[in-house]
Amino acid sequence: MKLPFGIEKLDDVLGGGLDKDTINLVIGRSGAGKTILASHWAAEGARNGENVVYLATTMGRKSCESYLGKMKFMEGVFDRIHWRFVRIDAKFLLPLTPEKLEESVVATIKTQPRDVDRIVVDSVTDMDKALGDPVLYRLALRYLSRLFQKNDVTALFVEEAPYMQEWSETKNLAESVILLDILRVPDGYARALRILKKYRTAHPLDYIPFEITDQGIEIRDGKFVRRNYEFEYRA
Ligand SMILES: Nc1ncnc2c1ncn2[C@@H]1O[C@H](COP(=O)(O)OP(=O)(O)OP(=O)(O)O)[C@@H](O)[C@H]1O
Ligand SMILES: [Mg+2]
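The sections below set out a description of the structure shown in this document. Everything numeric in this text was worked out from a predicted model, so none of it was measured.

Cut-offs and rules
- Residues numbered from 1 in each chain as written.
- Chains lettered and ligands numbered in written order.
- Predicted model: local features only at pLDDT ≥ 70, side-chain atom pairs only at ≥ 80, totals over all residues.
- Heavy atoms only, no water.
- Helix = DSSP H or I, 4+ residues; strand = E, 2+ residues; numbered from the N terminus.
- Buried < 20%, exposed > 50% of the residue type's maximum accessible area, 1.4 Å probe, protein only.
- Near = heavy atom within 4 Å.
- Polar contact = N/O pair within 3.5 Å; in protein donor to acceptor, adjacent residues only side chain to side chain.
- Areas by Shrake-Rupley, 256 points an atom, 1.4 Å probe, with all protein chains shown as cover.
- Pairing = 2+ DSSP bridges.
- Axes fitted to C-alpha atoms, helices over the stretch in contact; angles between N-to-C directions.
- Expected span 1.5 Å × (residues − 1).
- Contact = heavy atoms within 4.5 Å.
- Arc of directions from axis to C-beta.
- Phe/Tyr/Trp six-rings, centres within 6.5 Å; stacked < 30°, edge-to-face > 60°.
- Lys NZ or Arg CZ within 6 Å of the ring centre and 35° of its normal.
- Core = buried A, V, L, I, M, F, W, Y, C linked by side-chain atoms within 4.5 Å.
- Parallel < 35°, antiparallel > 145°, perpendicular 65-115°, else oblique.
- Left-handed = near helix turned anticlockwise from the far one by under 90°.
- Nonpolar A, V, L, I, M, F, W, Y, C, P; charged D, E, K, R; others polar.

One can find Lys-110 in the loop between helix 5 (98-109) and strand 6 (118-122). Take Lys-110: its relative accessible area is 63%, and that puts it in the exposed class. Expressed as a C-alpha distance, the spacing of Lys-110 and Leu-93, which sit 17 residues apart in the sequence, is 17 Å.

Attention now goes to the site of ligand 1. The full set close to ligand 1 counts 15 residues, and Lys-34, Thr-35, Tyr-67, Arg-191 and Asp-214 are the nearest of them. Thr-35 is positioned with one of its side-chain polar atoms (N or O) 2.8 Å from an oxygen atom of ligand 1. Computed on the free molecule, ligand 1 has an accessible area of 650 Å², of which 66% lies beneath the protein chains in the complex. Looking at the shell around ligand 1, the elements with two or more residues in it are helix 2 (34-47) and strand 10 (208-213).

The 9 strands are arranged 5-4-6-7-3-8-9-10-11 in an open sheet whose pairing can be described as mixed. The open sheet has two edge strands with one neighbour each: strand 5 (82-85) and strand 11 (216-219). On average, adjacent strands in this sheet sit at an angle of 25° to one another, irrespective of strand direction. Where strand 6 lies against strand 7 (residues 154-160), 5 bridges are found, and the strand directions are parallel. Residue pairing for strand 7: Val-121 is matched across the bridge by Phe-157.

Here we come to helix 7 (residues 134-150). For helix 7, spanning 17 residues, the distance from its first C-alpha to its last is 24 Å, which sits close to the expected 24 Å at 1.5 Å a residue. Those residues of helix 7 lying buried are Tyr-137, Ala-140, Leu-141, Tyr-143, Leu-144, Ser-145, Leu-147 and Phe-148. Looking at the packing, one finds that the buried side of helix 7 touches strand 3 (23-28), helix 5, strand 6, helix 6 (125-131), strand 7 and helix 8 (170-173). Between the side-chain oxygen of the N-cap and the backbone nitrogen of Val-135 there are 3.0 Å, and the N-cap of helix 7 in question is Asp-133. Just beyond helix 7, the residue with positive phi is Asp-152, at close to 55°.

The next thing to look at is helix 5. Spanning 12 residues, helix 5 covers 16 Å between terminal C-alpha atoms, matching the ideal 16 Å at 1.5 Å per step. Taken together, the buried positions of helix 5 are Leu-101, Ser-104, Val-105 and Ile-109. Along the axis of helix 5, the buried residues cluster in a sector spanning 120°; they form a single face. For helix 5, the exposed residues set more than 90 degrees away from the buried face come down to Glu-99, Glu-103 and Ala-107. Along its buried surface, helix 5 packs onto strand 4 (52-56), strand 5, helix 4 (90-93), strand 6 and helix 7. Residue Lys-110 follows helix 5 closely and has a positive phi angle near 55°.

It is worth spelling out the packing of aromatic side chains at this point. Scanning the model with the defined rule gives 5 aromatic pairs in all. Ring plane angle 50° and centroid distance 6.5 Å describe the contact between Phe-5 and Trp-41, whose orientation is recorded as tilted. Remark: Trp-41 occurs in helix 2 and Phe-5 occurs in the loop between strand 1 (2-3) and helix 1 (8-13); sequence separation between them is 36 residues. Members of the aromatic cluster, joined through ring pairs, are Tyr-54, Phe-78, Trp-83 and Phe-85. The positively charged end of Arg-118 is found above the aromatic ring belonging to Trp-41, 4.8 Å away from the centroid. Across the ring face of Tyr-207, the terminal group of Arg-194 is positioned such that the distance to the ring centre comes to 5.6 Å.

Let us now look at the nonpolar core. Nonpolar side chains in soluble globular proteins generally cluster together in the buried interior. Among the nonpolar cores identified, the biggest contains 40 residues, and Phe-5, Leu-10, Leu-37, Tyr-54 and Ile-81 are the most heavily contacted of them. Elements that contribute at least two residues to this core include exactly helix 1, helix 2, strand 4, strand 7, strand 8 (176-185), strand 9 (188-198), strand 10 and strand 11. In contact with Leu-37, not counting residues within four places along its chain, are Phe-5, Ile-7, Leu-10, Val-26, Ile-178, Leu-180 and Ile-217. Listed in part, the 34 residues of the second largest apolar core include Leu-25, Leu-96, Phe-157 and Val-177.

At a minimum axis separation of 10 Å, helix 5 and helix 7 run at an interaxial angle of 65°. When the interaxial angle is binned, helix 5 and helix 7 end up roughly perpendicular. Regarding helix 5 and helix 7, the two cross each other, and that crossing is right-handed. Mapping the contact onto sequence places Pro-98, Leu-101, Glu-102 and Val-105 in helix 5 and Ala-140, Tyr-143, Leu-144, Leu-147 and Lys-150 in helix 7. For the contact of helix 5 with helix 7, a count of residues per class yields 7 nonpolar, no polar and 2 charged.

Dropping the structure here:
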């Protein structure tokens, strides 16, 4: 079973949407469109009558209402999403055990995980910052993933891609990874997304152009290709 974004061209290339009961990841730098993409997915779930939780660690309710609440795809469904605004603090996570994490998550989402169909965690990067340690962060992600899997919750994690360092290991936990990027093109910059992986699905590897408007994310036709190849096939 697939859980679509409600963005037709994206759902097509994903083979219908995200796979039910899996952990998924949207990754990109600041301003790439992660929150808008994740909220499309939340809105589509609510539109289908699912129980949707959006855990927001960087936005407040007011800015969320005046930002995402005004987007076209949120019409009629904004109030059906269970928005949870939280500042992640190390004391909610430490000492880090599966039980402690579950307790904090339940207290935050104010509902039993088994009743949730879709959850967005925007962003797990704040958990990384609060813990300040890559080993603890990896463990926290693993416990969080297990908690969702145990309760048949389909999850979409949002993570900020680092500018310099190595990428975190969140991508290894996820069954699908969508990279949102801003590409340098001859006459400036352009938004594009790329499916880095999706288990069980034959998907394009190309950079797919998109735009952000008041309607939300709109996928454009065509693809971006590199002009200078780093590899060339030789017989
Ligand atoms: N109504 C709009 N019309 C056109 N573009 C918009 C609109 N709203 C937002 N944008 C674009 O989307 C960007 C922000 O998208 P989004 O909030 O999804 O980014 P993000 O990847 O979540 O960033 P952050 O890391 O800061 O959370 C803005 O910087 C702007 O370029
Ligand atoms: Mg965001």
